[in-house]
Protein chains: 2
Amino acid sequence: MELFWTKGYHNLGVDEICRKTGMTKGAFYNSFKSKEQFLLTTIENYGNFIAEYLQNQLSDNKQKPFDRLLALYKKMLEAQTETNHMGCFVNNTMSELGTLNVSVASTTSEQFDKFLNVIEPTVREAQLNQELIDSIDSKLLTKTIHTTFFGILTTSKSTKTSGYSIMETIMHSLKK
Amino acid sequence: MELFWTKGYHNLGVDEICRKTGMTKGAFYNSFKSKEQFLLTTIENYGNFIAEYLQNQLSDNKQKPFDRLLALYKKMLEAQTETNHMGCFVNNTMSELGTLNVSVASTTSEQFDKFLNVIEPTVREAQLNQELIDSIDSKLLTKTIHTTFFGILTTSKSTKTSGYSIMETIMHSLKK
DNA sequence: ATAAATAAACAGACCGTTCGGTACAAATTA
DNA sequence: TAATTTGTACCGAACGGTCTGTTTATTTAT
């Protein structure tokens, strides 16, 4: 997964996948129908992993919902600075292959929706708590916040400004 | 450029570039040192084109600066729905190759900065006009707005919600 | 002005390499 | 022993890039 993430799909050969993971080609093609099918499986694994991570981070009831959200995004932005990839694996794959391959398009947007569904209850909670604006419905607000986050995640690696200051600006401006 | 945009770098062969543009390989390699150099040239052309477009859209003095900004982003989001590519060409290229190729990384972030520099005066004007929050400096606010826009541009194609409603939410929440 | 010489641009067959994927024998498991 | 998994040599296709012959434009000589 790390490999797809940093190198993308077309720049990563099956040979290299096998070399780096210690598999052989025989084992690879015994387990996966094709390179594409391996990518789809990887996207789903990553999606499940992230969804679970989000769930865990947001279920800390000691903090207010708004603070939980902000802390989550801060943590994720910080995590990226320690790696050598940029952006989100799901979204990167979507931009690389989304217009070329319908399976990839549907799998990636499925995962994206899954993320939103995990986050939305906390956003709604924050709205009920009068911490976030409630003039728009929680689904749209969730998408607004998370889309912004992905924008930051994609661009912040190549700019000097800390991505977190942008996220902070947005989150505070969405406060009630 | 349209080709790189929809297909990405690795999925587009020199043969196809030549076929679709009516060039031959001889002409191509007479004009460009390599496929990579052609990409860099294309990015710069695209960057100049967009920067000029932004400049034109924002110089309409009949509207208030805030309205000019919102109209610009609306127009750009609408424009995308008529095409079959997604996201921004500069940013897509950055995610596909930014971690693998330093020339591409620097060229793309150069273009991104150019966009910000074109937009920033209008944002500053809106701040002075008391239309946008002035608690943060105009450069960071510009980056916040534009980064958000790119996030929307990248994801809105695969989601059902209109990207513009997200952009509207953000812009209005950043109002003074 | 015309012809010859030089340079630049072009066409596209072709090259070595790498790609995703297959074949099949060897090894492992049951 | 029968069935499954693994290692690896190998395949055709497609890749980026080169090479050589040819056309076209420009300069020079007469």
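Residues numbered from 1 in each chain as written. Chains lettered and ligands numbered in written order. Predicted model: local features only at pLDDT ≥ 70, side-chain atom pairs only at ≥ 80, totals over all residues. Heavy atoms only, no water.

1. Quick notes on empty space enclosed by the protein
- Going through the model one piece at a time under the given rule, you end up with three cavities of 30 Å³ or more.
- Computed from the structure, the largest cavity encloses a volume of approximately 260 Å³.
- Taken together, 24 residues form the lining of the largest cavity, with Asn-92 and Glu-96 of chain A together with Asn-92, Ser-95 and Glu-96 of chain B sitting closest to its centre.
- Looking at the lining of the largest cavity, the elements that each hand over two or more residues are helix H1 (2–7) and helix H6 (89–97) of chain A together with helix H1 (2–7) and helix H6 (89–97) of chain B.
- Residue classes in the lining of the largest cavity are distributed as 10 nonpolar, 10 polar and four charged.
- Surrounding the second largest cavity, Asn-91, Asn-92, Ser-95, Phe-150, Gly-151 and Thr-154 of chain A together with Asn-91, Asn-92, Ser-95, Phe-150, Gly-151 and Thr-154 of chain B form its lining.
- Those elements that provide at least two residues to the lining of the second largest cavity are H6 and helix H8 (138–155) of chain A together with H6 and helix H8 (138–155) of chain B.
- Along the lines of polarity and charge, the residues of the lining of the second largest cavity split into two nonpolar, 10 polar and no charged. (1 Å grid on protein atoms, 1.4 Å probe; cavity = no way out; pocket = protein on both sides within 12 Å on 5 of 7 lines; lining within 4 Å. Points joined across faces, edges and corners; volume = space filled by probe spheres on them. Helix = DSSP H or I, 4+ residues; strand = E, 2+ residues; numbered from the N terminus. Nonpolar A, V, L, I, M, F, W, Y, C, P; charged D, E, K, R; others polar.)

2. Focus on the interface of chain A and chain B
- Tallying the contact residues gives 39 residues for chain A and 39 residues for chain B.
- Interface area, chain A with chain B, both sides summed: about 3400 Å², of which 67% is carbon and sulfur.
- Of all residues in chain A, Met-86, Thr-99 and Lys-143 of chain A bury the most surface against chain B, accounting for 14% of the area lost on that side.
- Where chain A touches chain B, the interface holds zero salt bridges.
- Counting the contacts that link chain A with chain B gives five residue pairs in polar contact (both at pLDDT 80 or more).
- Counting only elements with at least two residues in the side of chain A that touches chain B, the list comes to H1, H6, helix H7 (102–128), H8 and helix H9 (163–173) of chain A.
- Element by element, the count of residues in the side of chain A that touches chain B is highest for H8 of chain A, at nine residues.
- Residues that form the side of chain A that touches chain B fall into these classes: 11 nonpolar, 23 polar and five charged. (Contact = heavy atoms within 4.5 Å. Buried area = accessible area lost by both parts, 1.4 Å probe. Salt bridge = Lys/Arg side-chain N within 4 Å of Asp/Glu carboxyl O. Polar contact = N/O pair within 3.5 Å; in protein donor to acceptor, adjacent residues only side chain to side chain.)

3. Here we look at the protein's contact with DNA strand D
- Residues in close proximity to DNA strand D include Thr-24, Lys-25, Gly-26, Ala-27 and Asn-30 of chain A together with Leu-12, Gly-13, Val-14, Lys-25, Tyr-29, Ser-34 and Lys-35 of chain B, which together make up its full environment.
- Near the protein, meaning within 4 Å, the atoms of DNA strand D are sugar or phosphate in a fraction of 53%, with bases accounting for the rest.
- Within the side chain of Tyr-29 of chain B, one N or O atom sits 2.9 Å away from a phosphate oxygen of DNA strand D.
- Secondary-structure elements contributing two or more residues to the surface near DNA strand D are helix H3 (25–31) of chain A together with helix H3 (25–31) of chain B.
- Here the surface near DNA strand D gets four residues from one element, more than from any other, and that element is H3 of chain A.
- Partitioning the surface near DNA strand D into residue classes produces four nonpolar, five polar and three charged. (Near = heavy atom within 4 Å.)

4. Quick word on the protein's contact with DNA strand C
- By nearness alone, every residue bordering DNA strand C is listed as Leu-12, Gly-13, Val-14, Lys-25, Tyr-29, Ser-34 and Lys-35 of chain A together with Thr-24, Lys-25, Gly-26, Ala-27 and Asn-30 of chain B.
- Per the 4 Å cut-off to the protein, sugar and phosphate atoms form 55% of the nearby atoms of DNA strand C.
- A distance of 3.3 Å is found between a phosphate oxygen of DNA strand C and a backbone nitrogen or oxygen belonging to Leu-12 of chain A.
- In the model, a phosphate oxygen of DNA strand C is placed 2.6 Å from a nitrogen or oxygen of the Lys-35 of chain A side chain.
- Elements with a minimum of two residues in the surface near DNA strand C: H3 of chain A together with H3 of chain B.
- In terms of residue count, H3 of chain B provides more of the surface near DNA strand C than any other element does, four residues in total.
- Grouping the constituent residues of the surface near DNA strand C by class yields four nonpolar, five polar and three charged.

5. Brief notes about the packing of aromatic side chains
- Using the criterion set out here, one finds 25 aromatic pairs over all chains in the structure.
- Arranged with centres 6.3 Å apart and planes meeting at 40°, the rings of Trp-5 of chain A and Phe-89 of chain A form a pair that is tilted. In this pair, Trp-5 of chain A sits in helix H1 while Phe-89 of chain A sits in helix H6, placing the two residues 84 residues apart along the sequence.
- Under the relative-accessibility criterion, Trp-5 of chain A is labelled buried at 14%.
- The exposure class assigned to Phe-89 of chain A is buried, which follows from its relative accessible area of 1%.
- Summarising the aromatic geometry, the rings of Phe-28 of chain B and Phe-32 of chain B are spaced 5.4 Å apart at their centres and angled 50° between planes, so their arrangement reads as tilted. (Phe/Tyr/Trp six-rings, centres within 6.5 Å; stacked < 30°, edge-to-face > 60°. Buried < 20%, exposed > 50% of the residue type's maximum accessible area, 1.4 Å probe, protein only.)

6. Observations concerning the relation of the copies chain A and chain B
- When chain A is brought onto chain B, the operation consists of a screw motion whose angular component is 180° and whose axial shift is 0.0 Å, with 0.0 Å RMSD remaining. Here the transformation between the copies is reduced to the relation of a two-fold axis. For chain A, the residue whose C-alpha comes nearest the rotation axis is Gly-151 of chain A, separated from it by 1.8 Å.
- Interface residue correspondence from chain A to chain B reaches 100%, placing this contact among same-surface, isologous pairings. (Least-squares fit on C-alpha atoms with pLDDT ≥ 70 in both.)

Any functional reading would require information beyond the geometric quantities listed.
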